[in-house]
Amino acid sequence: MRDALRSVLARKPVLPAPRRGGIPAEALLPLVERVPAMAAPCRMHPSVYAIEAAVLDWARRTGLRADPGVGFHRMAGRAFAEFDAAAAALFAQWLTWLFHFDDELDEGPCPLEIFQGLLQGTAQHPLESAFADLWRVTSARMSDRWRARFAMGLQRQHDACRTEARNRATGRIPTIEEYPALRRGTVGPYLYDLVEPCLRVEVPDWVHACDAWRELVEACSDTIAWCNDVASRPKEQGDAHNLVVIAMHELDLDERAATAWVLDRVEERCADMRAAARLLPLDELEPKEARDASKVACAYLAAPRAHLDWLLESARYT
């Protein structure tokens, strides 16, 4: 597994032929020439149609909408292409839930108090019952320490969403300095903890606490969140919680120049992510622990290009 991690880090850039169609995510295409981690398209999971069926069946059963054109199963199918279909299906179900949750907070009547229902295990809202269904499957094999870490991530999202709500109410635009930490909260920090139960592994707590692992996760989160900001900008006109908008406001740039500035920041964070992966203390772990940690790290390293491919083909932001 260490060899697999080194292989991902050493991958040579190969210019792909991405799907085109005048979609906002095309603004991200310069990254495939500039960022090794995004240069080569991800392999699709061979069981992608079975993964899609599992997501659609779960969504119908829990009362959520699963639009095949949005294609969360394809994002998961790329990020987990090297693992079994069950891992990809579970992650795709969580993505479906997370984006429904995000849309409800941004556009629907769902109050922020729904977080309390999630943390307390009530099922008064469809999102709460869908969460409970996923939680039963996901947490069953995980330790109390992992469950506490997940709950902490959910609380972080709650706090970040409250900050966004206050900003919107007062018309305040976050600063460039403030925004990265705020965005890591709203994007759902527990999303990265979900890789472990999906792969049926658990990374030791001390590894989670080390600087290299934290930087790997944060750089991966920044890369994906900021790419999403570029792709979602036309759909989310009027919302200041977007790195392109913040750069336009604070740096006095037009939208094109601000987008270019964001791409520069994405390139930097991708380099940070690769550097952090090289510093992971794998040699200090027992062989099985090292394999498990490498699996999770490989999933993180694959995520930016898997997300880019999804943005280029998904109907979500068109």
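The paragraphs below set out a description of the structure included in this document.

Calculation criteria
- Residues numbered from 1 in each chain as written.
- Predicted model: local features only at pLDDT ≥ 70, side-chain atom pairs only at ≥ 80, totals over all residues.
- Heavy atoms only, no water.
- Core = buried A, V, L, I, M, F, W, Y, C linked by side-chain atoms within 4.5 Å.
- Buried < 20%, exposed > 50% of the residue type's maximum accessible area, 1.4 Å probe, protein only.
- Contact = heavy atoms within 4.5 Å.
- Salt bridge = Lys/Arg side-chain N within 4 Å of Asp/Glu carboxyl O.
- Helix = DSSP H or I, 4+ residues; strand = E, 2+ residues; numbered from the N terminus.
- Polar contact = N/O pair within 3.5 Å; in protein donor to acceptor, adjacent residues only side chain to side chain.

## Overview of unusual backbone geometry
- At Arg200, a residue that is not glycine, the phi angle is positive and equals roughly 60°.
- Within the chain, Asp252 stands out as a residue other than glycine whose phi angle is a positive 55°.

## Examining the nonpolar core
- One finds Leu28, Phe80, Phe91, Trp97, Trp213, Leu216 and Tyr300 to be the most contacted residues of the largest nonpolar core, which totals 101 residues.
- Excluding its chain neighbours within four sequence positions, the residues that come into contact with Leu28 are Cys227, Val230, Leu263, Leu308 and Leu311.

## Here we look at the pattern of salt bridges
- All told, the structure shown has 29 salt bridges when counted by the stated rule.
- One salt bridge in this structure joins Arg34 and Asp264, with 2.5 Å as the shortest N-O distance. Of the two residues, Arg34 is situated in helix H2 (residues 31-34) and Asp264 in helix H15 (residues 255-278); the sequence distance between them amounts to 230 residues.
- A relative accessible area of 30% means that Arg34 is categorised as partly exposed.
- Put simply, Arg184 and Asp222 hold a salt bridge, and the shortest N to O gap is 2.8 Å.

## Considering the side chain of Arg233
- For Arg233, the location among the structural elements is in the loop between helix H13 (211-232) and helix H14 (243-251).
- Overall, the relative accessible area of 11% leaves Arg233 in the buried class.
- Polar side-chain contacts of Arg233 include one of 3.2 Å to the side chain of Glu255.
- Excluding anything up to four places from it in sequence, Arg233 contacts Asn242, Val245, Met248 and Glu255.

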